[in-house]
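Residue strings, one per chain:
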Amino acid sequence: MCCRKTETSDYSLSNYNTFYLLVRELQKKFSIKQLWLVEEGGNLNKKYDAQRDIYNVFSFHHFGEIIDVLQPDLVITIGGDYEFLERSMLKAAAAKGIPSVDITSTVIEQGYFTKEYSSGIFSGRINALRDHGKNILKKYIFLIKTLYKTNYSVIYILNCILKDAYLPFTTFVPRYNFGGGSINIVSTPDWVKFLMSKGIDKNKIVVSGECSMDPIFHRVKLFKKEDGRKRVSNLTNRPMQILLVTTQMVEHGYWKPYMRDTVVTAIVRGFKEEFGNNVVIKIKIHPVSENKETYSRLIRGIAPETEIHQQGDLVELIANSDYVVGFGITSAYFQAFLLRKPLFLMNIFKEESERNVYFREK
């Protein structure tokens with residue numbers, strides 16, 4: 001059993017790639033049935049249906065009830081935008097003796113867990129509450145109900161509420177302050193010491209490498225790799241193809257909205273002013289966290305013909321581009337590396353290299 005945002009979400013998200021690899025390996029030895037809990041869509045009936053794999057989490061009263069009804073043998077959390085729902089699932093599973101696996105989502109650095117990572121964390125959280133406050137509150141109430149109904153003590157619940165009142169303003173990922181799973185899968189050895197500092201048993205931590213890169217590697221093998229030193233296209237035959245890959249810097253509280261707006265408009269305006277009709281710009285935004293209308297509004301008066309993709313195949317978009325342009329931190333850049341595409345990262349706010357692995361590693 002696992003959580004995801006919507007019924008239509010698929011394995012294209014990098015967080016799900018590791019989950020998919022685990023399931024694929026397990027299927028070699030066991031008969032596996034996947035059960036998904038989603039915020040949008042899914043089966044609304046509060047009972048198990050052998051013909052259905054996707055259930056709406058909010059059709060139930062709490063996660064303890066979900067586990068009682070669906071009776072999973074294993075629960076898996078993959079990180080992302082599901083902080084409160086995944087905490088609900090982990091705590092309910094622990095209370096009912098169900099084993100759990102917690103996977104650190106891709107390209108998360110330890111810096112994300114400290115206040116020093118960004119001076120804009122407070123304003124970023126305020127923006128998130130302003131834009132998604134009702135949904136956040138809904139998921140948090142679900143968490144508290146789960147703790148209460150699965151017999152966690154009142155003192156424990158009050159302590160959680162106290163921590164949740166300040167932790168989101170001091171760390172981007174509060175989840176590890178509340179424990180992990182029966183097994184915790186991390187990408188590098190550096191994570192072991194960090195998780196142990198949060199009270200997680202070393203024997204429950206497994207270092208696997210970055211599993212989410214495996215399916216991406218196999219995917220890009222389907223495309224012809226060009227020599228990285230050569231131009232992919234002949235600019236006399238077709239316009240230069242530019243792909244702007246965005247990331248949810250605002251939605252996750254790393255940036256203030258004006259920072260994203262400034263970068264996006266500067267990039268699009270700069271290319272159009274420099275190359276005019278000799279450039280085609282496409283924008284690929286995050287498939288879940290970002291809002292397509294936001295980007296349409298930003299470029300409407302600059303280059304209204306620009307294509308904005310949210311659910312498209314990122315590997316194919318990169319393969320068909322001459323250059324990739326980006327900002328912030330996202331695993332999408334690794335796909336550009338594997339396809340040997342020139343990648344230009346914008347750092348117009350002069351962020352310190354410690355705050356961005358790509359700047360730090362040059």
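K.L.:
Give me the overall build of the protein: which residues, what numbers.
P.N.:
When its secondary structure is counted, the protein shows 12 helices and 12 strands. Within the protein, buried positions represent 50% of all 362 residues. Sequence separation of 24 or more characterises 66% of the internal contacts of the protein that already satisfy a separation of 6 or more. In the form shown here, the protein has an accessible surface area of approximately 18300 Å², with 53% of it arising from carbon and sulfur atoms.

K.L.:
So what about a nonpolar patch on the surface? Which residues, and what values?
P.N.:
Among the surface-exposed residues, Leu26, Phe30 and Ile32 lie close enough to one another that they form a single nonpolar patch of about 250 Å² accessible area. For isoleucine 32, a relative accessible area of 32% gives the class partly exposed.

K.L.:
I'd like a description of the sheet that holds strand β6 (residues 183-186), backed by residues and values.
P.N.:
Read across the sheet, 4 strands follow the order β4-β5-β6-β7 without closing on themselves; strand pairing throughout is parallel. Edge strands, defined here as strands with exactly one partner in the open sheet, are β4 (75-77) and β7 (205-207). With strand direction ignored, the average angle separating the axes of adjacent strands in the sheet is 20 degrees. Strands in contact with helix α3 (residues 83-95) are β4 and β5 (100-103); relative to β4, the strand with the most contacts, it is inclined by about 145 degrees. Contacting β6 and β7, helix α6 (residues 190-197) runs over the sheet at an angle of about 165 degrees to β7.

K.L.:
Could you give an account of the sheet that holds strand β3 (residues 54-56), with specific residues and numbers?
P.N.:
With parallel pairing, 3 strands are arranged side by side in an open sheet as β1-β2-β3. Each edge of the sheet is formed by a strand with only one pairing partner; in this case those strands are β1 (2-6) and β3. Taken pair by pair, the neighbouring strands of this sheet meet at an average axis angle of 35 degrees, ignoring direction. Examined bridge by bridge, β1 and strand β2 (residues 36-40) share 4 bridges and lie parallel to one another. Residue cysteine 3 lies in a different strand from β2, and its bridge partner there is leucine 37.

K.L.:
Tell me about helix α8 (residues 257-275), residues and numbers included.
P.N.:
Note: α-helices contain 3.6 residues per turn, so residues at a spacing of three or four share the same orientation. The end-to-end C-alpha separation of α8 is 27 Å, in line with the 27 Å expected for 19 residues at 1.5 Å each. Among the residues of α8, those classed as buried are Met259, Arg260, Asp261, Val263, Val264, Thr265, Ile267, Val268, Phe271 and Lys272. On the buried face of α8, the contacting elements are β8 (240-245), β9 (279-284), α9 (292-299) and β11 (323-326). A positive backbone phi angle near 55 degrees is found at glycine 276, which sits one or two residues after α8.

K.L.:
Account for the pairing of β11, naming residues and giving values.
P.N.:
Residues Tyr323 and Val325 line one face of β11 and the alternating positions Val324 and Gly326 line the opposite face, and both faces are buried. Note: β8 against β11, 4 bridges, orientation parallel. Each bridged residue has a counterpart across the sheet, and for leucine 244 the counterpart in β11 is valine 325. Bridge analysis of β11 against strand β12 (residues 343-345) gives 3 bridges, and the strand direction is parallel. Opposite valine 325, over in β12, you have phenylalanine 344 as the bridge partner. Handedness of the crossover joining β11 and β12 through helix α11 (residues 332-338): right-handed.

The rules behind the values
- Counting restarts for each chain: residues are numbered from 1 in the order of the written sequence.
- In keeping with the predicted nature of the model, local features appear solely for residues at pLDDT of at least 70, side-chain atom pairs appear and are counted solely at 80 or more, and the whole-chain, interface and lining totals rest on all residues.
- Hydrogens and water are ignored here; the side-chain numbers use all heavy atoms of the structure.
- Helix numbering and strand numbering both begin at the N terminus, where a helix is a DSSP run of H or I of at least 4 residues and a strand a DSSP run of E of at least 2.
- Accessibility here uses a 1.4 Å probe with only protein chains present; expressed as a share of the type maximum, an area under 20% marks a residue as buried, one over 50% as exposed, and anything in between as partly exposed.
- Note on definitions: a residue-residue contact is assigned when non-hydrogen atoms from the two residues lie within 4.5 Å.
- Shrake-Rupley sampling with a 1.4 Å probe provides the accessible areas, and residues are treated as covered by the protein chains on show and by no other component.
- In this analysis, a patch consists of residues with relative accessible area above 30% that form no salt bridge, clustered at 9 Å for like charges and at 5 Å for the nonpolar side chains Val, Leu, Ile, Met, Phe, Trp and Tyr.
- For this analysis, a salt bridge means a side-chain nitrogen from Lys or Arg found within 4 Å of a carboxyl oxygen belonging to Asp or Glu.
- Strands are labelled as partners when DSSP assigns at least two bridges between them.
- An axis is simply a line fitted to the C-alpha atoms; with a helix, the fit covers only the stretch in contact. Between two such axes, the angle follows the N-to-C directions and lies from 0 to 180 degrees.
- Here the expected span of a helix is defined as 1.5 Å times the quantity of residues minus one.
- We call a crossover right-handed when, viewed with both strands directed away from the observer, the connection leading from the first strand over the helix to the second proceeds clockwise.

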